[in-house]
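# Structure at a glance
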Amino acid sequence: MSPRAPEILVFDSGIGGLSIARCLHRQVPAARLTHLADNAGFPYGNQAEETVIERTVGLVTEQLRQRPVDVIVLACNTASTVALPALRAATDIPVVGVVPAIKPAAALSGNRRIGLLATPATVRRPYLEGLIGEFAGDCRIVRVGHPDLVTWIEEWARGRPMPEPALSVALQPFREAAVDTMVLGCTHYPLITGVLQRLLPDVRFWVDSGEAIARRTLHLLEVAGFDREEMQRYPGSGHRCLFSGPVMDDIDHFLDALGFVRE
Ligand code: DGL
């Protein structure tokens, strides 16, 4: 076994990064995960780009001073589409970003009609246009930038009901366009894939970035000198969830179910 377990820092505006952390835990079981949620700045979809960049770089670099980190996962589409270059410039540690999984969706779609559910900021970003132009030029991409879904998911994780009738109305453009593939372009959304599948039963393929991000992270850890077999053999423990602002203990049950402890 390497002298110490790999350390991965997962960053999001809220608890969405836990959907990525879940995949990291499966693919790199020996790693110790620290999930940092900027709940004081949540939601990023409503913030100016400069604010998202400043908060992301400030909070991540502050965390790097606290303990060793081998790979940083910027587990937020809204932040990754603007803050990746600044974060990479601020540290030598490898940074994995999360952007909407347009490329795998285009590889899967049969009828070339793809739905993208994301935050209003992500659906507006030029970065997204670039992805579509590069990988899905022959597809019709139906975009819904939902202003409230991240907040609903944060509340649902604290035991509040999901407003499904309102969510169902927001998904109507996907039904009307008969998309066969859905991209979940916000890391909060895979936490409620079951609800979304129930509301859009005709969609054949559901795509998010979690498994691809975990594969990329595993590769970067290998490059950093960790042994692949050891990383996959030993079950890690001590996953921590940190918050930038005050938080109530009603989230603990949700964190516990994913193997995280609030600090
Ligand atoms: N999980 C973030 C994302 O992937 C949520 C963004 C927000 O805070 O608006 O986009």
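Residues numbered from 1 in each chain as written. Predicted model: local features only at pLDDT ≥ 70, side-chain atom pairs only at ≥ 80, totals over all residues. Heavy atoms only, no water.

### Examining the site of the ligand
Around the ligand there are 14 residues in total, and Ser 13, Tyr 44, Gly 45, Thr 78 and Thr 187 lie nearest to it. Between Tyr 44 and the ligand, the recorded distance is 2.8 Å, taken from a backbone N or O atom to an oxygen atom. Thr 78 places a polar side-chain atom, nitrogen or oxygen, 2.5 Å from an oxygen atom of the ligand. Contact with the protein chains removes 100% of the 300 Å² of surface that the ligand exposes when unbound. (Near = heavy atom within 4 Å. Polar contact = N/O pair within 3.5 Å; in protein donor to acceptor, adjacent residues only side chain to side chain. Areas by Shrake-Rupley, 256 points an atom, 1.4 Å probe, with all protein chains shown as cover.)

### A few points about the nonpolar core
Of all hydrophobic cores here, the largest spans 55 residues; its most connected members are Val 73, Leu 117, Leu 149, Leu 167, Phe 174 and Tyr 189. Those residues within four positions of Tyr 189 in sequence are excluded, and the remaining contacts are Leu 117, Ala 118, Thr 119, His 146, Leu 149, Val 150, Ile 153, Leu 184 and Leu 196. Ranked by size, the runner-up nonpolar core spans 20 residues in total, among them Phe 11, Leu 64, Ala 83 and Leu 84. (Core = buried A, V, L, I, M, F, W, Y, C linked by side-chain atoms within 4.5 Å. Buried < 20%, exposed > 50% of the residue type's maximum accessible area, 1.4 Å probe, protein only. Contact = heavy atoms within 4.5 Å.)

### A short note on the sheet that holds strand E2 (residues 32–37)
Here we have 6 strands laid out as an open sheet, ordered E4-E3-E1-E2-E9-E10, and parallel in their pairing. The two strands at the open ends of the sheet, each matched to only one other strand, are strand E4 (95–97) and strand E10 (260–262). When strand polarity is set aside, the average angle formed by the axes of neighbouring strands in this sheet is 20°. As paired elements, strand E1 (residues 7–12) and E2 share 6 bridges and run parallel to each other. Counted as the bridge partner of Val 10 is His 35 from E2. With respect to the sheet, helix H1 (residues 17–27) is in contact with E1, E2, strand E3 (71–74), strand E9 (239–243) and E10, its orientation differing from that of E2 by roughly 175°. Across the face of the sheet, helix H2 (residues 49–64) comes into contact with E1, E2, E3 and E9 while running at roughly 155° to E1. (Pairing = 2+ DSSP bridges. Helix = DSSP H or I, 4+ residues; strand = E, 2+ residues; numbered from the N terminus. Axes fitted to C-alpha atoms, helices over the stretch in contact; angles between N-to-C directions.)

### Focus on the sheet that holds strand E7 (residues 181–184)
In space, the 4 strands of this open sheet follow the order E6-E5-E7-E8, with parallel pairing throughout. Of all the strands in the sheet, the pair left with one neighbour each is strand E6 (140–145) and strand E8 (205–207). Averaged over all pairs of adjacent strands, the angle between strand axes in this sheet comes to 20°, irrespective of strand direction. Bridge count between strand E5 (residues 113–118) and E7: 4 bridges; the pairing is parallel. In the sheet register, Gly 115 faces E7, and the bridge partner there is Met 182.

### Quick notes on the side chain of Thr 56
With respect to the element layout, Thr 56 can be found in helix H2. Here the side chain of Thr 56 touches Val 52 through a polar contact of 2.7 Å, landing on its backbone oxygen. Those residues within four positions of Thr 56 in sequence are excluded, and the remaining contacts are Phe 11, Tyr 44, Leu 74, Ala 79, Ala 83 and Leu 87.

### Notes on unusual backbone geometry
Phe 42 connects to Pro 43 through a cis peptide bond whose omega is -5°. Backbone geometry at Arg 112 places phi at a positive 60°, although glycine is not the residue there. When you line up the elements, Arg 112 lands in the loop between helix H4 (102–108) and E5. When its relative accessible area of 24% is taken as the criterion, Arg 112 is described as partly exposed. One non-glycine residue, Ala 178, adopts positive backbone phi at about 50°. With respect to the element layout, Ala 178 can be found in the loop between helix H9 (172–176) and E7.

### Describing helix H7 (residues 149–157)
Because each turn of an α-helix spans 3.6 residues, side chains separated by three or four positions end up pointing in the same direction. Where H7 is concerned, the buried positions are Leu 149, Val 150, Trp 152, Ile 153, Glu 154 and Ala 157. In this structure, the buried side of H7 is in contact with E5, helix H8 (164–170) and helix H13 (252–257). Looking one or two residues beyond H7, the residue adopting positive phi is Gly 159, at roughly 95°.

### Thoughts on the environment of Asp 70
Secondary-structure assignment places Asp 70 in the loop between H2 and E3. Under the relative-accessibility criterion, Asp 70 is labelled buried at 12%. Asp 70 sits 63 residues away from Glu 7 along the chain, and the two C-alpha atoms are 5.4 Å apart. For Asp 70, the residues in contact, after removing those within four places along its chain, are Arg 4, Ala 5, Pro 6, Glu 7, Ile 93, Pro 94, Leu 221 and Phe 226. At 2.8 Å, the side chain of Asp 70 and the side chain of Arg 4 are in polar contact. Within the structure, Asp 70 has its side chain in polar contact with the backbone nitrogen of Glu 7 (distance 2.8 Å).

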